[in-house]
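Structure assessment
Residue strings, one per chain:
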Amino acid sequence: MRAAALLGLWSLCTMALAHPLAPALLQLQESKPGHYDVLWRTSVTRTQRRDVAPALPASCVETAAAQITTEGGDAVVARWQVQCDAGLISQRIAVQGLAQSGINVIVHISGDKGVVDTLLGPDQPDFVVPQPAVQRPVFLSYLQLGFEHLFGGLDHLLFVAGLMLLVRGWRPLLLTITAFTLGHSVTLALASLGLISVPQAWAELGIALSILLLAVEIARPTSAAPSPLRRWPWLMAAGFGLLHGLGFAGVLGETGLPKGAIVQALLAFNLGIELGQLLWVLALLGLAWTGLKLLRNPSETMVRALPAYLIGTLAAYWCWDRLSALWA
(Lines give C-alpha, C1' and ligand atoms only; values in the text may rest on other atoms or scores of the structure.)
Protein backbone atom coordinates (compact mmCIF):
# COMPACT_ATOMS: atom_id res chain seq x y z
CA MET A 1 0.00 0.00 0.00
CA ARG A 2 2.82 2.40 0.86
CA ALA A 3 4.72 1.46 -2.29
CA ALA A 4 1.63 2.48 -4.27
CA ALA A 5 1.70 6.02 -3.03
CA LEU A 6 5.46 6.21 -3.56
CA LEU A 7 5.26 5.11 -7.19
CA GLY A 8 2.32 7.37 -7.86
CA LEU A 9 3.90 10.40 -6.26
CA TRP A 10 6.99 10.25 -8.46
CA SER A 11 4.80 10.94 -11.48
CA LEU A 12 2.45 13.33 -9.69
CA CYS A 13 5.15 15.62 -8.36
CA THR A 14 6.09 16.68 -11.88
CA MET A 15 2.56 18.11 -12.28
CA ALA A 16 2.66 20.42 -9.24
CA LEU A 17 2.62 23.61 -11.25
CA ALA A 18 -0.44 22.44 -13.17
CA HIS A 19 -2.57 22.08 -10.07
CA PRO A 20 -5.91 23.77 -10.78
CA LEU A 21 -7.82 25.89 -8.29
CA ALA A 22 -11.61 26.09 -8.43
CA PRO A 23 -12.55 26.35 -12.11
CA ALA A 24 -13.71 29.45 -13.96
CA LEU A 25 -16.90 29.42 -16.02
CA LEU A 26 -17.49 30.63 -19.59
CA GLN A 27 -21.15 30.42 -20.52
CA LEU A 28 -22.71 31.40 -23.86
CA GLN A 29 -26.49 31.24 -24.11
CA GLU A 30 -28.15 31.87 -27.47
CA SER A 31 -30.94 34.43 -27.07
CA LYS A 32 -31.87 34.43 -30.77
CA PRO A 33 -30.14 33.06 -33.89
CA GLY A 34 -26.55 34.31 -33.91
CA HIS A 35 -26.93 36.35 -30.72
CA TYR A 36 -25.43 35.17 -27.42
CA ASP A 37 -25.46 36.28 -23.81
CA VAL A 38 -21.94 35.75 -22.46
CA LEU A 39 -21.04 35.16 -18.81
CA TRP A 40 -17.46 34.94 -17.58
CA ARG A 41 -16.99 34.07 -13.90
CA THR A 42 -13.66 33.75 -12.08
CA SER A 43 -12.31 34.30 -8.58
CA VAL A 44 -11.15 37.65 -7.25
CA THR A 45 -7.71 36.34 -6.27
CA ARG A 46 -7.25 34.67 -9.63
CA THR A 47 -8.15 37.88 -11.44
CA GLN A 48 -5.60 39.80 -9.40
CA ARG A 49 -2.75 37.41 -10.06
CA ARG A 50 -3.35 35.98 -13.53
CA ASP A 51 -4.30 37.57 -16.83
CA VAL A 52 -6.90 34.99 -17.93
CA ALA A 53 -9.68 35.98 -20.33
CA PRO A 54 -11.89 34.30 -22.94
CA ALA A 55 -11.18 34.81 -26.65
CA LEU A 56 -14.26 34.32 -28.84
CA PRO A 57 -14.13 33.80 -32.63
CA ALA A 58 -13.19 36.82 -34.73
CA SER A 59 -16.63 36.68 -36.39
CA CYS A 60 -18.27 37.54 -33.05
CA VAL A 61 -18.93 41.26 -32.54
CA GLU A 62 -19.72 42.73 -29.15
CA THR A 63 -23.16 44.33 -29.14
CA ALA A 64 -23.34 45.31 -25.46
CA ALA A 65 -20.46 46.36 -23.24
CA ALA A 66 -19.46 44.10 -20.38
CA GLN A 67 -21.08 44.69 -17.01
CA ILE A 68 -18.72 43.60 -14.23
CA THR A 69 -19.92 42.76 -10.72
CA THR A 70 -18.52 41.06 -7.63
CA GLU A 71 -20.44 38.20 -6.05
CA GLY A 72 -19.94 37.28 -2.41
CA GLY A 73 -16.63 39.11 -2.29
CA ASP A 74 -14.98 36.04 -3.84
CA ALA A 75 -15.93 36.05 -7.53
CA VAL A 76 -15.83 38.53 -10.41
CA VAL A 77 -18.62 38.14 -12.97
CA ALA A 78 -18.67 39.83 -16.38
CA ARG A 79 -21.76 39.77 -18.60
CA TRP A 80 -22.05 41.05 -22.15
CA GLN A 81 -23.71 40.23 -25.50
CA VAL A 82 -22.17 39.28 -28.83
CA GLN A 83 -23.46 38.72 -32.35
CA CYS A 84 -21.85 35.87 -34.28
CA ASP A 85 -23.17 35.92 -37.85
CA ALA A 86 -21.24 32.74 -38.68
CA GLY A 87 -22.52 31.01 -35.55
CA LEU A 88 -20.27 29.16 -33.15
CA ILE A 89 -20.26 25.67 -34.67
CA SER A 90 -16.82 24.82 -36.15
CA GLN A 91 -15.43 28.06 -34.64
CA ARG A 92 -12.52 28.13 -32.20
CA ILE A 93 -12.98 29.40 -28.64
CA ALA A 94 -9.92 29.93 -26.45
CA VAL A 95 -9.00 31.21 -23.00
CA GLN A 96 -5.95 33.46 -23.13
CA GLY A 97 -3.35 32.92 -20.41
CA LEU A 98 -4.80 29.56 -19.44
CA ALA A 99 -1.60 27.63 -20.15
CA GLN A 100 0.24 29.58 -17.43
CA SER A 101 -2.65 29.94 -14.98
CA GLY A 102 -2.90 26.43 -13.55
CA ILE A 103 -6.72 26.56 -13.54
CA ASN A 104 -9.54 24.87 -15.44
CA VAL A 105 -12.41 26.54 -17.28
CA ILE A 106 -15.86 25.01 -17.70
CA VAL A 107 -17.35 26.03 -21.07
CA HIS A 108 -21.12 25.74 -21.49
CA ILE A 109 -22.83 26.71 -24.77
CA SER A 110 -26.60 26.38 -25.07
CA GLY A 111 -29.13 27.12 -27.80
CA ASP A 112 -32.22 25.79 -29.53
CA LYS A 113 -30.24 23.01 -31.21
CA GLY A 114 -28.75 21.61 -28.00
CA VAL A 115 -25.80 22.14 -25.69
CA VAL A 116 -22.02 21.88 -25.80
CA ASP A 117 -20.03 21.27 -22.64
CA THR A 118 -16.26 20.97 -22.35
CA LEU A 119 -13.49 21.46 -19.83
CA LEU A 120 -10.44 23.52 -20.82
CA GLY A 121 -7.17 23.46 -18.92
CA PRO A 122 -3.46 24.34 -19.14
CA ASP A 123 -2.91 21.44 -21.55
CA GLN A 124 -5.94 22.36 -23.70
CA PRO A 125 -6.59 26.13 -23.66
CA ASP A 126 -8.88 26.12 -26.73
CA PHE A 127 -11.29 23.95 -28.69
CA VAL A 128 -13.35 23.92 -31.88
CA VAL A 129 -17.07 24.00 -31.12
CA PRO A 130 -18.67 20.74 -32.32
CA GLN A 131 -22.23 20.12 -33.34
CA PRO A 132 -24.49 20.54 -30.27
CA ALA A 133 -25.57 17.41 -28.51
CA VAL A 134 -29.03 16.70 -27.25
CA GLN A 135 -29.28 17.76 -23.62
CA ARG A 136 -28.12 14.85 -21.49
CA PRO A 137 -30.00 13.85 -18.35
CA VAL A 138 -29.06 15.94 -15.34
CA PHE A 139 -27.83 12.90 -13.42
CA LEU A 140 -25.31 11.85 -16.09
CA SER A 141 -24.07 15.41 -16.65
CA TYR A 142 -23.33 16.03 -12.98
CA LEU A 143 -21.96 12.52 -12.47
CA GLN A 144 -19.35 13.23 -15.14
CA LEU A 145 -18.68 16.69 -13.73
CA GLY A 146 -17.93 15.26 -10.27
CA PHE A 147 -15.68 12.54 -11.68
CA GLU A 148 -13.70 14.98 -13.83
CA HIS A 149 -13.38 17.49 -11.02
CA LEU A 150 -11.76 14.95 -8.70
CA PHE A 151 -9.08 14.09 -11.24
CA GLY A 152 -8.69 17.73 -12.27
CA GLY A 153 -6.64 18.49 -9.15
CA LEU A 154 -3.94 16.72 -7.18
CA ASP A 155 -4.78 17.97 -3.72
CA HIS A 156 -7.73 15.66 -3.01
CA LEU A 157 -5.95 12.72 -4.61
CA LEU A 158 -2.81 13.27 -2.54
CA PHE A 159 -4.85 13.51 0.65
CA VAL A 160 -6.37 10.08 -0.02
CA ALA A 161 -2.90 8.71 -0.83
CA GLY A 162 -1.66 10.17 2.45
CA LEU A 163 -4.43 8.42 4.37
CA MET A 164 -3.32 5.14 2.82
CA LEU A 165 0.23 5.84 4.01
CA LEU A 166 -0.87 6.73 7.52
CA VAL A 167 -3.36 3.99 8.35
CA ARG A 168 -2.44 0.33 8.77
CA GLY A 169 -4.94 -2.45 8.24
CA TRP A 170 -7.99 -2.82 6.04
CA ARG A 171 -10.66 -2.04 8.58
CA PRO A 172 -9.05 1.17 9.92
CA LEU A 173 -8.36 2.31 6.36
CA LEU A 174 -11.95 1.64 5.29
CA LEU A 175 -13.26 3.51 8.33
CA THR A 176 -10.91 6.44 7.72
CA ILE A 177 -11.75 6.85 4.02
CA THR A 178 -15.46 6.50 4.82
CA ALA A 179 -15.13 9.27 7.43
CA PHE A 180 -13.39 11.47 4.85
CA THR A 181 -16.22 10.80 2.40
CA LEU A 182 -18.89 11.68 4.97
CA GLY A 183 -17.04 14.85 5.95
CA HIS A 184 -16.72 16.28 2.45
CA SER A 185 -20.26 15.16 1.55
CA VAL A 186 -21.71 17.26 4.39
CA THR A 187 -20.02 20.55 3.47
CA LEU A 188 -20.46 19.90 -0.26
CA ALA A 189 -24.21 19.73 0.24
CA LEU A 190 -24.41 22.66 2.68
CA ALA A 191 -22.26 24.97 0.55
CA SER A 192 -23.93 24.01 -2.73
CA LEU A 193 -27.38 24.69 -1.26
CA GLY A 194 -26.23 28.07 0.07
CA LEU A 195 -26.64 27.13 3.74
CA ILE A 196 -23.00 27.98 4.50
CA SER A 197 -20.65 30.32 2.68
CA VAL A 198 -16.85 30.27 2.89
CA PRO A 199 -14.67 32.25 0.43
CA GLN A 200 -13.19 29.77 -2.01
CA ALA A 201 -9.66 31.15 -1.62
CA TRP A 202 -9.71 30.44 2.12
CA ALA A 203 -11.14 26.96 1.53
CA GLU A 204 -8.34 26.19 -0.93
CA LEU A 205 -5.75 27.37 1.60
CA GLY A 206 -7.31 25.18 4.29
CA ILE A 207 -7.15 22.16 1.99
CA ALA A 208 -3.45 22.73 1.35
CA LEU A 209 -2.82 23.06 5.11
CA SER A 210 -4.66 19.78 5.76
CA ILE A 211 -2.38 17.97 3.30
CA LEU A 212 0.70 19.55 4.88
CA LEU A 213 -0.35 18.46 8.38
CA LEU A 214 -1.04 14.95 7.09
CA ALA A 215 2.43 14.81 5.51
CA VAL A 216 4.05 15.91 8.78
CA GLU A 217 2.19 13.15 10.61
CA ILE A 218 3.29 10.53 8.07
CA ALA A 219 6.91 11.63 8.47
CA ARG A 220 6.85 11.12 12.26
CA PRO A 221 8.99 8.11 13.33
CA THR A 222 6.97 5.01 14.10
CA SER A 223 8.82 4.76 17.40
CA ALA A 224 7.41 8.12 18.56
CA ALA A 225 4.41 8.26 20.87
CA PRO A 226 1.23 8.16 18.73
CA SER A 227 -0.35 11.56 18.25
CA PRO A 228 -4.13 12.15 18.30
CA LEU A 229 -4.11 12.19 14.48
CA ARG A 230 -2.61 8.70 14.42
CA ARG A 231 -4.75 7.37 17.29
CA TRP A 232 -8.00 8.59 15.73
CA PRO A 233 -7.32 8.92 11.97
CA TRP A 234 -11.01 8.63 11.17
CA LEU A 235 -11.74 11.73 13.25
CA MET A 236 -8.95 13.64 11.52
CA ALA A 237 -10.19 12.48 8.10
CA ALA A 238 -13.75 13.57 8.86
CA GLY A 239 -12.59 17.01 10.04
CA PHE A 240 -10.33 17.61 7.07
CA GLY A 241 -13.06 16.22 4.83
CA LEU A 242 -15.21 19.19 5.82
CA LEU A 243 -12.56 21.46 4.26
CA HIS A 244 -12.28 19.36 1.11
CA GLY A 245 -16.04 19.46 0.69
CA LEU A 246 -15.84 23.24 0.43
CA GLY A 247 -13.32 22.78 -2.38
CA PHE A 248 -15.59 20.33 -4.18
CA ALA A 249 -18.46 22.80 -3.83
CA GLY A 250 -16.44 25.41 -5.72
CA VAL A 251 -17.16 23.81 -9.07
CA LEU A 252 -20.89 23.73 -8.34
CA GLY A 253 -20.64 27.38 -7.39
CA GLU A 254 -19.39 28.04 -10.91
CA THR A 255 -21.99 25.97 -12.79
CA GLY A 256 -24.90 26.18 -10.35
CA LEU A 257 -27.55 23.55 -9.66
CA PRO A 258 -30.45 23.08 -12.11
CA LYS A 259 -33.82 24.26 -10.86
CA GLY A 260 -36.21 21.40 -10.30
CA ALA A 261 -33.40 18.82 -10.05
CA ILE A 262 -31.20 20.17 -7.26
CA VAL A 263 -31.16 17.00 -5.17
CA GLN A 264 -30.57 14.80 -8.21
CA ALA A 265 -27.68 16.96 -9.46
CA LEU A 266 -26.08 17.18 -6.01
CA LEU A 267 -26.33 13.42 -5.50
CA ALA A 268 -24.90 12.70 -8.96
CA PHE A 269 -22.00 15.14 -8.49
CA ASN A 270 -21.10 13.59 -5.13
CA LEU A 271 -21.41 10.09 -6.57
CA GLY A 272 -19.06 11.06 -9.40
CA ILE A 273 -16.50 12.17 -6.83
CA GLU A 274 -16.87 8.90 -4.89
CA LEU A 275 -16.51 6.80 -8.04
CA GLY A 276 -13.35 8.68 -8.92
CA GLN A 277 -12.05 8.27 -5.37
CA LEU A 278 -12.74 4.52 -5.47
CA LEU A 279 -10.93 4.22 -8.80
CA TRP A 280 -7.96 6.12 -7.33
CA VAL A 281 -7.78 3.81 -4.29
CA LEU A 282 -7.93 0.73 -6.51
CA ALA A 283 -5.17 2.15 -8.72
CA LEU A 284 -2.96 2.75 -5.68
CA LEU A 285 -3.62 -0.76 -4.42
CA GLY A 286 -2.62 -2.12 -7.83
CA LEU A 287 0.58 -0.10 -7.73
CA ALA A 288 1.20 -1.35 -4.20
CA TRP A 289 0.97 -4.95 -5.31
CA THR A 290 3.36 -4.26 -8.20
CA GLY A 291 5.73 -2.31 -5.96
CA LEU A 292 5.92 -5.07 -3.38
CA LYS A 293 6.86 -7.48 -6.14
CA LEU A 294 9.64 -5.21 -7.41
CA LEU A 295 10.92 -3.87 -4.11
CA ARG A 296 11.88 -6.55 -1.64
CA ASN A 297 12.26 -5.44 1.98
CA PRO A 298 12.01 -1.69 1.27
CA SER A 299 13.62 0.59 3.83
CA GLU A 300 11.69 2.89 6.18
CA THR A 301 12.91 5.83 4.08
CA MET A 302 11.43 4.37 0.91
CA VAL A 303 8.20 3.37 2.60
CA ARG A 304 7.42 6.44 4.68
CA ALA A 305 9.89 9.33 4.69
CA LEU A 306 10.30 9.88 0.95
CA PRO A 307 6.58 9.91 0.07
CA ALA A 308 5.88 12.06 3.14
CA TYR A 309 8.41 14.66 2.01
CA LEU A 310 7.05 14.60 -1.55
CA ILE A 311 3.50 15.20 -0.31
CA GLY A 312 4.71 17.82 2.16
CA THR A 313 6.73 19.69 -0.46
CA LEU A 314 3.75 19.95 -2.80
CA ALA A 315 1.44 20.97 0.05
CA ALA A 316 3.89 23.64 1.25
CA TYR A 317 4.10 25.05 -2.28
CA TRP A 318 0.29 25.19 -2.52
CA CYS A 319 0.08 26.86 0.89
CA TRP A 320 2.51 29.56 -0.20
CA ASP A 321 0.85 30.02 -3.59
CA ARG A 322 -2.65 30.36 -2.13
CA LEU A 323 -1.54 32.51 0.77
CA SER A 324 0.26 34.88 -1.59
CA ALA A 325 -2.94 35.05 -3.69
CA LEU A 326 -4.88 36.17 -0.63
CA TRP A 327 -2.14 38.64 0.29
CA ALA A 328 -2.23 40.09 -3.23
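Residues numbered from 1 in each chain as written. Predicted model: local features only at pLDDT ≥ 70, side-chain atom pairs only at ≥ 80, totals over all residues. Heavy atoms only, no water.

1. With respect to the pairing of strand S5 (residues 75-84)
Each regular strand displays side chains that alternate between the two surfaces of the sheet. Within S5, 7 of the 10 residues are buried, leaving the element largely enclosed by the surrounding structure. Here strand S2 (residues 35-43) pairs with S5 via 9 bridges, running antiparallel. The residue bridging Ser43 from the neighbouring strand is Ala75, located in S5. (Buried < 20%, exposed > 50% of the residue type's maximum accessible area, 1.4 Å probe, protein only. Helix = DSSP H or I, 4+ residues; strand = E, 2+ residues; numbered from the N terminus. Pairing = 2+ DSSP bridges.)

2. Thoughts on the packing of helix H5 (residues 154-166) against helix H6 (residues 170-192)
Two numbers describe how H5 lies on H6: the axes approach to 10 Å, and their chain directions differ by 155 degrees. In this view, H5 runs roughly antiparallel relative to H6, as classed from their interaxial angle. Of the two elements, H5 crosses H6, and the hand of that crossing is right-handed. Residues Phe159, Val160, Leu163 and Met164 of H5 pack against Leu173, Thr176 and Phe180 of H6. Taken together, the residues of the contact of H5 with H6 sort by class into 6 nonpolar, 1 polar and no charged. (Axes fitted to C-alpha atoms, helices over the stretch in contact; angles between N-to-C directions. Parallel < 35°, antiparallel > 145°, perpendicular 65-115°, else oblique. Left-handed = near helix turned anticlockwise from the far one by under 90°. Contact = heavy atoms within 4.5 Å. Nonpolar A, V, L, I, M, F, W, Y, C, P; charged D, E, K, R; others polar.)

3. A word on the side chain of Asp155
Within the fold, Asp155 resides in helix H5. You can call Asp155 buried: its relative accessible area is 3%. Side-chain polar atoms of Asp155 contact the side chain of Arg322, separated by 3.4 Å. (Polar contact = N/O pair within 3.5 Å; in protein donor to acceptor, adjacent residues only side chain to side chain.)

4. Some remarks on the side chain of Thr181
Along the polypeptide, Thr181 turns up in helix H6. For Thr181, a relative accessible area of 17% puts it in the buried group. Look past the residues within four positions of Thr181 in its chain and what remains in contact with it is Glu274 and Gln277.

5. Description of the pattern of salt bridges
Evaluated as defined, the whole model comprises 5 salt bridges. The shortest N-O distance in the salt bridge between Asp126 and Arg92 comes to 3.0 Å. Taken together, the residues Asp126 in strand S9 (residues 126-128) and Arg92 in strand S6 (residues 92-96) connect sequence positions 34 residues apart. For the salt bridge of Glu217 with Arg220, the shortest nitrogen-to-oxygen distance reads 3.4 Å. For Arg220, a relative accessible area of 26% corresponds to the partly exposed category. (Salt bridge = Lys/Arg side-chain N within 4 Å of Asp/Glu carboxyl O.)

6. Topic: the environment of Leu150
Examined against the element boundaries, Leu150 turns out to sit in helix H4 (residues 138-151). Given a relative accessible area of 2%, Leu150 falls into the buried group. Excluding its chain neighbours within four sequence positions, the residues that come into contact with Leu150 are His156, Leu157, Phe248, Ile273, Gly276 and Gln277.

7. Re unusual backbone geometry
Residues other than glycine seldom take positive phi values, yet Ser90 does so here, at roughly 70 degrees. Looking at where Ser90 falls in the secondary structure, it is placed in the loop between S5 and S6. Residue classification places Ser90 among the exposed residues on the basis of a relative accessible area of 56%.

8. Topic: the confidence of the model for the protein chain
With 81% of its residues at a pLDDT of at least 70, the protein chain reaches an overall mean of 79. Averaged pLDDT values over the elements of the protein chain bottom out at 41 in helix H1 (residues 2-12) and peak at 92 in S6. When the criterion is pLDDT under 50, residues 1-21 qualifies, and its contacts beyond four places in sequence or with other chains add up to 62 contacts. (pLDDT = per-residue confidence, 0-100.)

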